[in-house]
Amino acid sequence: MTVYNIALIGFGGVNRALAELIAAKNQLWERDLGFRLNIVAVSDLYLGSVISPNGLDAMTLIEAKFEKGGFGQLSGGNAETDNETIIKMAPADIIVEATFTNPKDGEPAVSHCRWALETGKHVVTTNKGPVAIAAQALKALATANGVRFEYEGAVMSGTPVIRMAENTLAGAELKGFEGILNGTSNFVLGRMESGLDFASAVKEAQELGYAEADPTADVEGFDVRLKVVILANELLGANLKPEDVTCKGISGLSASDIEQAAKAGSRWKLVGSSVRNDDGSVTGSVAPRRLGLDHPLAGVNGATNAVSLDTELLGAVTITGPGAGRIETAYALLSDIVAIHSAGASAIAKEAA
């Protein structure tokens, strides 16, 4: 049985949810997956940092009501955040990066990933920033150091769109994709169909926890643009940067636009898409589109996400699932660790052969 020592960088909703899963399901994973997880370090902007080579009790981390700098009360703890020391010095096999997304340059998450890979540690992350901006360089660094850089949760939370496309649909000849990749904007459009104006729909989304206090990244398409870059580069072999993807959000849609679409048997959706052109180039866009009710994305409601993959051999294959949520996104991190474990087991089997 394998034990993976992990260090959590960020202890907000996602990594806290992973700790909850560890506390509840480690024995199940040991039986069904062949490994268990041992938290040896945590670093957080609010709580500080702590290293415990023998492991920290996941339940204690979850249940303790730490104040600001509270990790300083623990053995091996410090009230100050020191991500670089934790990443480089903690006896971790895997760094779990779940800090905030910076859409401009991906920092500090790009550095977090780089420090880990340079010191021979695997990285799993749900952070869109480093994946959209620096995935190619980070994957090359991982290969050079014999480790893995995994990021399934950066696009659709726990819904495995990347692995589905790369593994299950291998050989189907992907030509492009279009998707509803932001649950907040999809929720807002749905509420506008029910009669709310844009501002009221956004306010309701905020009250329900779907939208941030500043909803700009969601409703103006910036969040979707990062996800289009990730999918286009990963699945279509592109080398797009966020600024290469044209982007228009939903704030310009009026109640009249919504009503006219309904009368015409269509629905407005914020669609992120990318296509491989005849000359081999890959282009991407984010824009509100009126979709006929027979379109595979037209029936996607609420905060649900979906991607329709356009393949040569199968036609359109649509993947639908949760695009957000603490436990759902923590599951994406688990799926990345499963991929690391499977790759290690495969390498051992090849050596034995």
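Keep in mind that what you see is a predicted model, and the values were worked out from it rather than measured. (Residues numbered from 1 in each chain as written. Predicted model: local features only at pLDDT ≥ 70, side-chain atom pairs only at ≥ 80, totals over all residues. Heavy atoms only, no water.)

**Topic: the overall build of the protein chain**
Okay, so step 1: Along its length, the protein chain carries 13 helices and 13 strands.
Okay, so step 2: Taking 353 residues into account, the globule formula puts the C-alpha radius of gyration at 20 Å, and the protein chain, at 21 Å, falls close to it.
Okay, so step 3: Reported as C-alpha extents along the three principal axes, the dimensions of the protein chain are approximately 65 × 50 × 35 Å.
Okay, so step 4: Within the protein chain, the proportion of its 353 residues that are buried is 50%. (Helix = DSSP H or I, 4+ residues; strand = E, 2+ residues; numbered from the N terminus. Rg over C-alpha atoms; globule rule 2.2 N^0.38 Å. Buried < 20%, exposed > 50% of the residue type's maximum accessible area, 1.4 Å probe, protein only.)

**Focus on the UniProt feature "domain: Homoserine dehydrogenase catalytic" (unreviewed entry) in the protein chain**
Okay, so step 1: Those places that UniProt annotates as "domain: Homoserine dehydrogenase catalytic" (unreviewed entry) correspond, in this numbering, to residues 160-338.
Okay, so step 2: Span residues 160-338 is 39% helix and 26% strand, its end C-alpha atoms 13 Å apart. (UniProt positions renumbered as here; feature names shortened; annotations may be inferred.)

**Considering the pattern of salt bridges**
Okay, so step 1: Throughout the structure, instances matching the rule amount to 18 salt bridges.
Okay, so step 2: Linking Glu118 and Arg114 is a salt bridge whose minimum nitrogen-to-oxygen distance equals 3.8 Å. In this pair, Glu118 and Arg114 both sit in helix α4 (residues 109-118), 4 residues apart, roughly one turn of the helix.
Okay, so step 3: When its relative accessible area of 43% is taken as the criterion, Glu118 is described as partly exposed.
Okay, so step 4: For Arg114, a relative accessible area of 30% puts it in the partly exposed group.
Okay, so step 5: Residue Glu150 is joined to Arg163 by a salt bridge in which the shortest nitrogen-to-oxygen separation is 3.0 Å. With a gap of 13 residues between them, Glu150 in strand β7 (residues 149-150) and Arg163 in helix α7 (residues 161-168) connect regions that are remote in the sequence. (Salt bridge = Lys/Arg side-chain N within 4 Å of Asp/Glu carboxyl O.)

**Concerning the sheet that holds strand β6 (residues 122-125)**
Okay, so step 1: The mixed open sheet is built from 7 strands, whose spatial order is β4-β3-β2-β1-β5-β6-β7. Two strands close off the open sheet at either side, each with one partner strand: β4 (77-78) and β7.
Okay, so step 2: Alignment of β6 against β7, held across 2 bridges, turns out to be parallel. Each bridged residue has a counterpart across the sheet, and for Val123 the counterpart in β7 is Phe149. (Pairing = 2+ DSSP bridges.)

**A word on the sheet that holds strand β11 (residues 282-292)**
Okay, so step 1: Strand order in this open sheet of 6 strands is β9-β11-β10-β8-β12-β13, and the pairing throughout is mixed. Each edge of the open sheet carries a strand with a single partner, namely β9 (246-247) and β13 (315-322).
Okay, so step 2: Relative to β11, strand β10 (residues 266-276) runs antiparallel, the two sharing 11 bridges. Note that in β11 the partner of Gly272 across the bridge is Val286.
Okay, so step 3: Helix α8 (residues 183-193) contacts β8 (174-180), β10 and β12 (304-311) of the sheet and is inclined by roughly 150° relative to β10.
Okay, so step 4: In this fold helix α11 (residues 222-235) packs onto β8, β9, β10, β11 and β12, with an angle of close to 35° to the strand it touches most, β10. (Contact = heavy atoms within 4.5 Å. Axes fitted to C-alpha atoms, helices over the stretch in contact; angles between N-to-C directions.)

**Observations regarding the pairing of strand β2 (residues 35-44)**
Okay, so step 1: Among the 10 residues in β2, 9 count as buried, and that is most of the element.
Okay, so step 2: Pairing of strand β1 (residues 2-9) with β2, which is carried by 8 bridges, proceeds in the parallel orientation. What sits directly across from Ile6, in β2, is Ile39.
Okay, so step 3: Regarding the hand of the β-α-β motif, the stretch spanning β1, helix α1 (residues 13-32) and β2 is right-handed.
Okay, so step 4: Pairing analysis gives 4 bridges linking β2 to strand β3 (residues 48-51), with the strands arranged antiparallel. By the bridge assignment, Ser43 is partnered in β3 with Ser49. (Right-handed = clockwise from strand over helix to strand, strands pointing away.)

**Observations regarding the pairing of β1**
Okay, so step 1: A large share of β1 lies buried, amounting to 6 of its 8 residues.
Okay, so step 2: Both β1 and strand β5 (residues 94-97) contribute to a ladder of 4 bridges, which runs parallel. From the neighbouring strand, Ala7 faces β5, where its bridge partner is Ile95.

**Side note on the domain arrangement of the protein chain**
Okay, so step 1: Domain parsing of the protein chain yields domain 1 (2-159 + 327-352) and domain 2 (161-321).
Okay, so step 2: Domain 1 and domain 2 are separated by 29 Å when their C-alpha centres are compared.
Okay, so step 3: Regarding the contact of domain 1 and domain 2, the summed buried area is about 1,500 Å², with carbon and sulfur atoms giving 62% of it.
Okay, so step 4: For the pair domain 1 and domain 2, the interface holds 5 salt bridges. (Domains from an automatic or database assignment. Buried area = accessible area lost by both parts, 1.4 Å probe.)

**Structural notes on the packing of aromatic side chains**
Okay, so step 1: What the rule picks out here adds up to 5 aromatic pairs.
Okay, so step 2: On the basis of an interplanar angle of 55° and a centroid distance of 6.4 Å, the ring pair of Phe11 and Phe71 is categorised as tilted. A residue pair is termed long-range when its members are at least 10 positions apart, and Phe11 in the loop between β1 and α1 and Phe71 in the loop between α2 (58-63) and β4 qualify at 60 residues. In terms of burial, Phe11 and Phe71 fall into one category: buried.
Okay, so step 3: An aromatic cluster of three or more residues is present, and its members are Phe11, Phe66 and Phe71. (Phe/Tyr/Trp six-rings, centres within 6.5 Å; stacked < 30°, edge-to-face > 60°.)

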